[in-house]
Amino acid sequence: MATWLITGCSTGLGRALAEAVIGAGHNAVVTARDAARVADLADTTPDRVLAVALDVTDADQVASAVQQAQERFGGVDVLVNNAGYGYRAAVEEGGDADVRALFETHFFGTVAMIKAVLPGMRARRSGAIVNISSIGVQLTPVGSGYYAAAKAAIEGVSGALRGELAPLGISVTTVEPGAFRTDFAGRSLTQSATVIDDYAATAGQRRIENDTMDGNQAGDPAKAGAAIITAVESSEPPAFLLLGPDALAAYRYIADTRANEIAQWENLSASTNFDMP
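Note that this is a predicted model, so its numbers are computed, not measured. (Residues numbered from 1 in each chain as written. Predicted model: local features only at pLDDT ≥ 70, side-chain atom pairs only at ≥ 80, totals over all residues. Heavy atoms only, no water.)

1. Brief notes about the packing of aromatic side chains
- Within the structure shown, the criterion is met by three aromatic pairs.
- Between Phe107 and Phe108 the ring centres are 5.0 Å apart and the planes differ by 75°, which places this aromatic pair in the edge-to-face class.
- Judged by centre distance (5.4 Å) and plane angle (50°), the rings of Phe240 and Tyr251 are tilted. In this pair, Phe240 is assigned in strand S9 (residues 240-243) and Tyr251 in helix H10 (residues 245-264), connecting sequence segments eleven residues apart.
- Overall, Phe240 belongs to the partly exposed group, its relative accessible area being 32%.
- Look at Tyr251 and you get partly exposed, because its relative accessible area is 29%. (Phe/Tyr/Trp six-rings, centres within 6.5 Å; stacked < 30°, edge-to-face > 60°. Helix = DSSP H or I, 4+ residues; strand = E, 2+ residues; numbered from the N terminus. Buried < 20%, exposed > 50% of the residue type's maximum accessible area, 1.4 Å probe, protein only.)

2. A few points about the pattern of salt bridges
- Enumeration according to the criterion identifies two salt bridges in this entry.
- For the salt bridge of Arg15 with Glu19, the shortest nitrogen-to-oxygen distance reads 3.6 Å. Remark: Glu19 and Arg15 occur in helix H1 (residues 12-23); sequence separation between them is four residues, near one turn of the helix.
- For Arg15, a relative accessible area of 17% corresponds to the buried category. (Salt bridge = Lys/Arg side-chain N within 4 Å of Asp/Glu carboxyl O.)

3. What to know about the sheet that holds strand S6 (residues 127-132)
- Taken together, seven strands build an open sheet; the order of strands is S3-S2-S1-S4-S6-S7-S9 and the sheet is parallel. Across the chains shown, the open sheet's two edge strands, defined by having one partner strand only, are strand S3 (49-53) and S9. Sheet twist, expressed as the average angle between the axes of neighbouring strands with direction ignored, equals 20°.
- Where strand S1 (residues 3-6) lies against strand S2 (residues 27-32), four bridges are found, and the strand directions are parallel. By the bridge assignment for S2, Ile6 is matched with Val30.
- Helix H6 (residues 145-165) contacts S6, strand S7 (170-177) and S9 of the sheet and is inclined by roughly 155° relative to S7.
- This element, helix H9 (residues 221-233), spans S1, strand S4 (78-81), S6 and S9 of the sheet and lies at about 160° to S9. (Pairing = 2+ DSSP bridges. Axes fitted to C-alpha atoms, helices over the stretch in contact; angles between N-to-C directions. Contact = heavy atoms within 4.5 Å.)

4. Examining H1
- Look at H1: 17 Å from first C-alpha to last across twelve residues, which is about the 16 Å you get at 1.5 Å a residue.
- Where H1 is concerned, the buried positions are Leu13, Gly14, Arg15, Ala16, Leu17, Ala18, Val21 and Ile22.
- Directly beyond the C-terminal end of H1, a positive phi value near 90° is found at Gly25. (Expected span 1.5 Å × (residues − 1).)

5. Quick notes on the nonpolar core
- Membership of the largest hydrophobic core comes to 30 residues, with the highest contact counts inside it found for Trp4, Ile6, Leu17, Val30, Val80 and Ile228.
- Among the elements of the structure, S1, H1, S2, helix H2 (39-44), S4, S6, H9 and S9 are those that each provide at least two residues to this core.
- Discounting residues that sit within four places of it in the chain, Val30 has contacts with Ile6, Cys9, Ala18, Val38, Leu41, Val49, Leu50, Ala51 and Val52. (Core = buried A, V, L, I, M, F, W, Y, C linked by side-chain atoms within 4.5 Å.)

6. Concerning the pairing of S4
- Of the two faces of S4, the one carrying Val78 and Val80 and the one carrying Leu79 and Asn81 are both buried.
- Bridge count for S1 against S4 is three bridges, and the pairing is parallel. If you follow Ile6 over to S4, its bridge partner there is Val80.
- Strand direction decides the pairing type here: S4 and S6, joined by four bridges, are parallel. Bridge pairing links Val80 to Val130 in S6.

7. Side note on the packing of H1 against H9
- Contact pair H1 / H9: the axes reach a minimum separation of 8 Å and the direction vectors enclose 60°. Judged by the inter-axis angle, H1 sits oblique to H9. The two elements H1 and H9 cross, and the hand of that crossing is right-handed. Facing H1, whose interface residues are Leu13, Ala16, Leu17, Ala20 and Val21, H9 presents Pro221, Ala222, Ala224, Gly225, Ala226, Ile228 and Ile229.
- Within the contact of H1 with H9, the residues separate by chemical class into eleven nonpolar, one polar and no charged. (Parallel < 35°, antiparallel > 145°, perpendicular 65-115°, else oblique. Left-handed = near helix turned anticlockwise from the far one by under 90°. Nonpolar A, V, L, I, M, F, W, Y, C, P; charged D, E, K, R; others polar.)

Following this line, the structure appears as structure tokens:
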């Protein structure tokens with residue numbers, strides 16, 4: 001039995017993962033900014049589940065959540081950084097305060113949670129950190145540049161962190177889901193207040209995508225939750241995990257396109273050394 005701490009459990013992938021973890025017999029610290037939204041999860045199995053109020057941008061709440069996990073279950077074995085929300089805007093349209101808030105949640109909140117659990121994991125020489133990213137990092141869709149950038153920042157940290165923690169017995173896995181049937185394209189989606197008509201055919205189309213996408217995604221959050229548990233519990237957890245056939249197809253398309261462009265410009269890329277005498 002392991003103790004999982006999952007951020008952003010009120011809905012969507014976070015809730016599905018929490019339910020899967022509880023169903024698998026593990027201890028779970030389930031969190032949301034409003035603890036009442038996850039209280040039902042704790043009510044079902046009060047001996048193994050602790051509901052905690054957690055805003056990952058609040059340093060005191062981050063410290064408190066990890067402390068409560070320590071006091072109740074003896075520490076955190078698996079941290080899943082899932083809390084977040086969507087933000088759509090053309091780059092020029094993005095509000096400075098909105099973009100900073102996005103990074104505070106997705107990037108700085110993730111880092112704060114990692115720093116909070118690492119002392120305990122290092123002391124035990126064991127643990128797993130799972131950072132939920134997005135296939136959007138690869139696709140960089142118009143209108144979602146800031147969201148993709150925030151997730152890309154998490155991936156950059158995750159890669160370095162994996163190398164730092166591997167000798168200490170702690171794994172780090174980045175997860176890139178495709179489209180799952182959550183409220184990401186509905187309630188959890190925010191958009192810039194500024195609208196510039198020149199972007200109507202590009203980012204503007206991205207703004208209205210949720211009208212047809214929300215509730216029609218092919219991905220099953222319950223299966224995603226089960227897949228994450230399988231990855232974490234494997235003898236060698238992956239550094240990088242795609243979730244969904246759409247994510248697989250998109251990643252391979254981007255990789256092939258990038259490889260072709262590298263080949264096209266290979267001579268220019270290789271031409272920048274000093275000339276040898």
